[in-house]
Protein chains: 2
Amino acid sequence: MSDARTAPEPGDFDLQKVLEALVDPVRRSILAQLDAAGEDLRCGLVDIPVSKSTATHHFKVLREAGLIRQYYVGTARMSGLRRAEVEEAFPGLLDIVIPRHATVP
Amino acid sequence: MSDARTAPEPGDFDLQKVLEALVDPVRRSILAQLDAAGEDLRCGLVDIPVSKSTATHHFKVLREAGLIRQYYVGTARMSGLRRAEVEEAFPGLLDIVIPRHATVP
DNA sequence: CCATAAGTACGATCGCTGTCAAACTACGAA
DNA sequence: TTCGTAGTTTGACAGCGATCGTACTTATGG
């Protein structure tokens, strides 16, 4: 289920998995960056202080929780926030969990 | 800080601590039961499948995250959901995280 | 005053998860 | 074809957190 190349099926969110995904600050940072970008990003363009393999792990957790979608473009792995789907399943959650107004001067 | 007998200071919620508190199903169950009760409960009246010492631990985590208040009445330790404060800090979060339509037996 | 009840504190255990390095695969360019 | 880039897989390891039993504290009731 939820193969590396497929986006997760919409609608079947598991609250437990979602919370487990959100509890890690690195993963919330990924979500925040995807959100701020406004478009899908290559993994490599997301700035997180961990190794490549750890990054792969975090993206996998987010994908399996249904929070992001992923697909390949050549050798690049694109990731995008599933904002609408998440918002529908858990209204308000993203606003709580993602630091958006953090206008760092 | 946040002594065993005092309720946590209002307003200073730490998102990380809140999420860590919410990620455990036992703790979400506690919140759900406090919410359903509509009034403060003795620890002993909250039904969770763990030992007394583990229960104490869970209540402590919830209190330090600011999600519940606790105080003594004789030897009984009363706990109550800080619904208003949590709702103000994280609008919608409790509705997402607490199974309310689930008629918990 | 003593016994019981309600929680707390303290170690100890144990599984899970975040982490990394190294080896591997897949694609694109030269 | 060969090389380099992008990401995955696979093990291994370390630390954290959920759990428990036992001992302790404190208040209520007889």
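In the block above lies the structure referred to throughout.
Reference entry: report on the structure contained in this document. (Residues numbered from 1 in each chain as written. Chains lettered and ligands numbered in written order. Predicted model: local features only at pLDDT ≥ 70, side-chain atom pairs only at ≥ 80, totals over all residues. Heavy atoms only, no water.)

Below, the discussion takes up the pattern of salt bridges. Residues and elements named next belong to chain B. Summed over the entire model, instances satisfying the criterion amount to six salt bridges over all chains. A salt bridge links Asp35 to Arg83; its shortest N-O distance comes to 3.2 Å. A residue pair is termed long-range when its members are at least 10 positions apart, and Asp35 in helix α2 (residues 25–37) and Arg83 in helix α4 (residues 83–89) qualify at 48 residues. In this structure Arg83 comes out as partly exposed when scored by relative accessible area, which is 25%. In this structure, Glu85 and Arg82 form a salt bridge, with 3.9 Å as the shortest nitrogen-oxygen distance. Classification of Arg82 by relative accessible area gives buried; the value is 3%. (Salt bridge = Lys/Arg side-chain N within 4 Å of Asp/Glu carboxyl O. Helix = DSSP H or I, 4+ residues; strand = E, 2+ residues; numbered from the N terminus. Buried < 20%, exposed > 50% of the residue type's maximum accessible area, 1.4 Å probe, protein only.)

With that settled, the discussion passes to the relation of the copies chain A and chain B. When chain A is fitted to chain B, the best match, at an RMSD of 0.0 Å, comes from turning it 180° and sliding it 0.0 Å along the axis. Both copies are brought into coincidence by an operation consistent with a two-fold rotation axis. For chain A, the minimum C-alpha distance to the rotation axis belongs to Gly92(A) and amounts to 2.9 Å. Comparing contact sets, 100% of the residues at the interface of chain A also lie at the interface in chain B, consistent with an isologous, same-surface contact. (Least-squares fit on C-alpha atoms with pLDDT ≥ 70 in both. Contact = heavy atoms within 4.5 Å.)

Right, let's talk about the protein's contact with DNA strand D for a bit. The environment of DNA strand D is formed by 20 residues, the closest being Lys52(A), Thr56(A), Arg77(A), Ser53(B) and His58(B). Note that a phosphate oxygen of DNA strand D is positioned 2.7 Å from one of the side-chain N or O atoms of Thr56(A). Side-chain polar atom of Arg27(B) to a phosphate oxygen of DNA strand D: 2.8 Å apart, as the coordinates give it. Listed by contribution, the elements that provide at least two residues to the surface near DNA strand D are α3 (52–64) of chain A together with α2 and α3 (52–64) of chain B. Residue classes in the surface near DNA strand D are distributed as four nonpolar, 11 polar and five charged. (Near = heavy atom within 4 Å. Polar contact = N/O pair within 3.5 Å; in protein donor to acceptor, adjacent residues only side chain to side chain. Nonpolar A, V, L, I, M, F, W, Y, C, P; charged D, E, K, R; others polar.)

All names here are of chain A. The strand order across the open sheet formed by three strands is β1-β3-β2, and the pairing between neighbours is antiparallel. What marks the edges here is a single partner per strand, and that holds for β1 (41–42) and β2 (68–73). Across the sheet, α3 touches β2 and β3 (76–81), and the angle it forms with β2 is around 120°. (Pairing = 2+ DSSP bridges. Axes fitted to C-alpha atoms, helices over the stretch in contact; angles between N-to-C directions.)

Quick look at the interface of chain A and chain B now. Chain A puts 13 residues into the contact, and the matching count from chain B is 13 residues. Its largest share of buried area at the contact with chain B, chain A owes to Leu19(A), Val23(A) and Ile96(A), together 46% of the area lost on that side. Linking chain A with chain B are four residue pairs in polar contact (both at pLDDT 80 or more), by the criterion used here. Counting residues per element, the ones that place at least two in the side of chain A that touches chain B are α1 (15–22), α2 (25–37) and α5 (93–97) of chain A. It is α1(A) that provides the largest number of residues to the side of chain A that touches chain B, a total of five residues. The residue makeup of the side of chain A that touches chain B, split by class, is 10 nonpolar, one polar and two charged. (Buried area = accessible area lost by both parts, 1.4 Å probe.)

Within the structure, DNA strand C sits among 20 residues, and Ser51(A), His58(A), Lys52(B), Thr56(B) and Arg77(B) are positioned closest to it. Close to the protein, within 4 Å, the atoms of DNA strand C belong to sugar or phosphate groups at a rate of 64%. One of the backbone nitrogen or oxygen atoms of Ser51(A) is found 2.7 Å away from a phosphate oxygen of DNA strand C. Take Thr54(A): an N or O atom from its side chain is 3.1 Å from a phosphate oxygen of DNA strand C. For the surface near DNA strand C, the element with the most residues is α3(A), which contributes four residues. A per-class count over the surface near DNA strand C returns four nonpolar, 11 polar and five charged.

All names here are of chain A. Counting across every chain of the model gives two aromatic pairs over all chains. With a centroid separation of 5.6 Å and an interplanar angle of 75°, the aromatic rings of Phe13 and Phe90 are classed as edge-to-face. Placement of Phe13 in the segment before α1 and of Phe90 in the loop between α4 (83–89) and α5 is noted, with a sequence separation of 77 residues between them. One exposure class covers both Phe13 and Phe90, and it is buried. (Phe/Tyr/Trp six-rings, centres within 6.5 Å; stacked < 30°, edge-to-face > 60°.)

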